[in-house]
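# Working through the structure, step by step
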Amino acid sequence: MKTKPNLSFWQIWNMSFGFFGIQFGFALQNANVSRIFETLGANIEDIPILWIAAPVTGLIVQPIIGHMSDKTWGKLGRRRPYFLVGAILASLALLIMPNSPALWVAAGMLWIMDASINISMEPFRAFVGDMLPARQRTTGFAMQSFFIGTGAVIASALPYMLTNWLGMENIAGEAGIPDSVKWSFYVGAFVFLSAVLWTVISSKEYSPEEMKAFEEAKEQSKGSAIIENNKLYNKIGGISFLIGLVFSFLFYFLNYEKELYIFSFGLIIFGLIEFLAGYFYNKKKETGFLEVITAFNMMPKTMVQLAFVQFFSWFALFAMWIYSTAGITSHIYDMKVDMQFINTLENSLNDFSSKVNEDKIKDIQSELDIYKEKLTEGAHVALSMKVANFFLKEKQLIADETVKRLIHIEKEYNDGANWVGVGFSVYNGAAAILAFFLMFLAKITNRKIAHSFSLLVGGLSFISIYFITNPNLLLIPFVGIGLAWASILAMPYAILTGALPQDKMGTYMGIFNFFIVIPQILAASLLGFFVKQLFAGEAIYALLLGGISMIIAALLVVFVNDKD
């Protein structure tokens, strides 16, 4: 009976190297897209809804690509064709993204860029399950964590390095996006494609005959992938559809924010998808769509348990990616204004009527009214880049002292945004180094203890950011977040692959991505609402909420079965 042989260190290195490029692009997206959105005029509370492209794209693309790659075999193998196609498309998107002339273009490019990254990324996860025996899986996913961290270190800090080491412009000119951000994306496009090409050229895949021989060495799923009766499709579909309807009516009658409908409509759509799967079952149509939905409904117990851990882990990460820039710059940097300054801006609005359309003036007036209300209540107010950029575009219409203060706020914001990029670089660098510590910790304890400990440290690190006033000290909690990040990228997958049938590895890895993107969609639905309605516009509280979420994930790891 044939079993998979151990691979050498350099074979594992080569098969994982493409993740260096993937995460280089992903880190540029995470660290800079909110900044691009704000620079192009997005409201703080609207940023999550603009980010919705990323998780929705992953929800759709990854299971499709996973299922397709399970069925693929050609000259480049099973998974590698998808590595290459995704890398080419993502590199093109990275070149276009920082040149977006308007907010809607940037949001559209985020959608395209994330879809392309997902095409490359999902098969890389299944690649480890394909190529490595159970005894080397933790090493394989830890190696991926190392390259993810290493690539993201450079990418996250790249705007800072270009500004401070090469003297590149860090303040947006007429084009809207600073040169330091633009050139970071250009470098990212080159690195992404080059790293993935290295893996495609230097790695080989087992042939279908070899994979079949390996599969005979372990228990395989037998017979049709279709559930023996369709009651489960209709039951799951009916529950999801009804809950979605109830929440939709609730949001409508209570006049809640439109972003919340993403959550309720998502449940309705999922219910309809389950009904459609039941229809295909009745018609005896064993399509790829039906196989994916059936696999979702019949997930192994370990996968269901990990789903809850993933949900709370990734909710926290999404809160960090969306709100770190806005939260940290407004909480720590000198962007706060008083009532006198707001009144000065308000008084100058009349002079803008000949230069700016009325709707835009009304929008800015609404923002100023909110600031005044908060200041009256004794709250601190940090000026948004949307308001600052509005007045700076016609700075000849306002007093010199006001212009100086606005320029100072813009500089503080961009300096803070660059420092957040450094923080992201630190957590990714820590992840690269600590990935090897996690291998040791998992060996002397087990994967569950290693993962739970890492998530607990990460959650406490999130919460500690609120209490920091010195930007330099921010790097300490980012080290703790790096430990959690390294574990999130390795341990759940190392635990999961032992519970999956080899012939559906790609499909289940794509489905597992649901529990990464569903919390992100929920975060996009709720975080803007929370920041606006509950947190009085103070984005720093979104990071506190993320910390609590990650601690919950740490506790849930205890209940996961890890038998292999």
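Structure report, in brief. (Residues numbered from 1 in each chain as written. Predicted model: local features only at pLDDT ≥ 70, side-chain atom pairs only at ≥ 80, totals over all residues. Heavy atoms only, no water.)

### Section: the overall build of the protein
Summing up its helical and strand segments, the protein has 22 helices and zero strands in all. For the protein, whose C-alpha radius of gyration is 24 Å, the value lies close to the compact-globule estimate of 24 Å for 564 residues. Overall, the C-alpha framework of the protein stretches about 80 × 55 × 40 Å when taken along its three principal axes. For the protein, buried positions account for 59% of its 564 residues. Of the contacts formed within the protein by residues at least 6 apart in sequence, a portion of 82% connects residues at least 24 apart. With an accessible surface of roughly 23,100 Å², the protein has 65% of that area assigned to carbon and sulfur atoms. (Helix = DSSP H or I, 4+ residues; strand = E, 2+ residues; numbered from the N terminus. Rg over C-alpha atoms; globule rule 2.2 N^0.38 Å. Buried < 20%, exposed > 50% of the residue type's maximum accessible area, 1.4 Å probe, protein only. Contact = heavy atoms within 4.5 Å. Areas by Shrake-Rupley, 256 points an atom, 1.4 Å probe, with all protein chains shown as cover.)

### A few points about helix α18 (residues 447–464)
With 18 residues, α18 extends 26 Å between its outermost C-alpha atoms, agreeing within 8% with the 26 Å of an ideal straight helix rising 1.5 Å per residue. For α18, the set of buried residues is Arg 447, Ala 450, His 451, Ser 452, Ser 454, Leu 455, Gly 458, Gly 459, Ser 461 and Phe 462. The backbone nitrogen of Lys 448 lies 3.0 Å from a side-chain oxygen of the residue at the head of α18, namely Asn 446. (Expected span 1.5 Å × (residues − 1). Polar contact = N/O pair within 3.5 Å; in protein donor to acceptor, adjacent residues only side chain to side chain.)

### Comments concerning the pattern of salt bridges
The tally for this structure, following the rule as stated, stands at twelve salt bridges. Among the ionic pairs, Glu 205 bridges to Arg 80, the shortest N-O distance being 3.4 Å. Placement of the pair is Glu 205 in the loop between α8 (179–202) and α9 (208–215) and Arg 80 in helix α5 (residues 80–96), with a sequence separation of 125 residues. We classify Arg 80 as buried; its relative accessible area is 9%. Where Lys 372 meets Glu 346, a salt bridge forms, and the shortest distance between an N and an O atom there is 2.8 Å. Of the two residues, Lys 372 sits in helix α15 (residues 358–376) while Glu 346 sits in helix α14 (residues 339–348), which places them 26 residues apart along the sequence. Note on Lys 372: relative accessible area 23%, which makes it partly exposed. Given a relative accessible area of 18%, Glu 346 falls into the buried group. Ionic contacts of the salt-bridge type, sharing partners, join the residues Asp 70, Arg 78, Arg 79 and Asp 130 into one network. (Salt bridge = Lys/Arg side-chain N within 4 Å of Asp/Glu carboxyl O.)

### Re helix α13 (residues 301–332)
Helical periodicity: at 3.6 residues per turn, an α-helix aligns residues three or four positions apart in one direction. Between its first and last C-alpha, α13 extends 44 Å over 32 residues, near the 46 Å set by a 1.5 Å rise per residue. Within α13, 25 of the 32 residues are buried, which leaves it mostly tucked inside the rest of the structure.

### Digging into the side chain of Glu 205
Taking relative accessible area as the criterion, Glu 205 reaches 13% and is therefore assigned buried. In terms of polar contacts, Glu 205 uses its side chain to reach the backbone amide nitrogen of Arg 80, at 3.2 Å. Other than its neighbours up to four places away in sequence, Glu 205 contacts Trp 73, Leu 76, Gly 77, Arg 78, Arg 79, Arg 80, Phe 127 and Met 131.

### Concerning the environment of Ala 142
As for its placement among the helices and strands, Ala 142 is situated in helix α7 (residues 137–164). For the pair formed by Ala 142 and Met 491, sequence separation is 349 residues and the distance between their alpha carbons is 8.1 Å. Once residues lying within four places of it in the same chain are set aside, the contact partners of Ala 142 are Ala 435, Met 439 and Ala 490.

### Comments concerning the nonpolar core
Among the nonpolar cores identified, the biggest contains 144 residues, and Met 97, Met 113, Met 320, Trp 321, Ile 328, Trp 485 and Ile 511 are the most heavily contacted of them. A total of 17 residues in this core trace back to one element, the largest contributor, which is α13. Excluding its chain neighbours within four sequence positions, the residues that come into contact with Ile 328 are Tyr 323, Tyr 333, Val 420, Ile 465, Leu 474, Phe 478 and Leu 543. Within the second largest apolar cluster, 26 residues are counted, among which are Ile 342, Ala 388, Phe 390 and Ile 398. (Core = buried A, V, L, I, M, F, W, Y, C linked by side-chain atoms within 4.5 Å.)

### Re the environment of Ser 248
Its location among the elements puts Ser 248 in helix α10 (residues 231–253). Sequence spacing of Ser 248 and Ile 262 is 14 residues, and the spatial spacing of their C-alpha atoms is 9.4 Å. Residue contacts for Ser 248: discarding those within four places in its chain leaves Tyr 261, Ser 264, Phe 265 and Ile 268.

### Description of the packing of aromatic side chains
All chains considered together, the criterion is met by 45 aromatic pairs. Measuring from centroid to centroid gives 4.7 Å for Trp 13 and Phe 147, while their planes differ by 80 degrees, and the two rings are edge-to-face. With Trp 13 in helix α1 (residues 9–16) and Phe 147 in helix α7, this residue pair connects regions lying 134 residues apart in the sequence. Residue Trp 13 is classed as partly exposed on the basis of its relative accessible area, which comes to 23%. Ring centres 5.3 Å apart and planes at 75 degrees place the aromatic pair Phe 83 and Phe 127 in the edge-to-face group. (Phe/Tyr/Trp six-rings, centres within 6.5 Å; stacked < 30°, edge-to-face > 60°.)

### Here we look at the side chain of Ser 487
With respect to the secondary-structure elements, Ser 487 resides in helix α19 (residues 475–497). Overall, the relative accessible area of 0% leaves Ser 487 in the buried class. Of the polar contacts made by the side chain of Ser 487, one reaches the side chain of His 451; its length is 2.6 Å. Leave out the neighbours within four places in its chain, and Ser 487 touches Leu 438, Ala 450, His 451, Ser 454 and Pro 492.

### Brief notes about the packing of α14 against helix α17 (residues 400–444)
Geometry of a packed helix pair, given as the angle between the helix axes and the separation of the axes. Running from amino to carboxyl end, α14 crosses α17 at an angle of 115 degrees, the nearest separation of the two axes being 11 Å. Relative to α17, the element α14 is oriented roughly perpendicular. Between α14 and α17 the crossing geometry is left-handed. Contacts between α14 and α17 involve Phe 341, Thr 344 and Leu 345 on the former and, on the latter, Thr 402, Arg 405 and Leu 406. (Axes fitted to C-alpha atoms, helices over the stretch in contact; angles between N-to-C directions. Parallel < 35°, antiparallel > 145°, perpendicular 65-115°, else oblique. Left-handed = near helix turned anticlockwise from the far one by under 90°.)

### Points about a nonpolar patch on the surface
A cluster of nonpolar side chains, Val 85, Ile 88, Leu 89, Leu 92, Leu 95 and Ile 96, forms an exposed patch at the surface whose accessible area comes to about 490 Å². Mapped onto the elements, Leu 92 comes out in helix α5. (Patch = residues over 30% accessible without salt bridge, like charges linked within 9 Å, V, L, I, M, F, W, Y side chains within 5 Å.)

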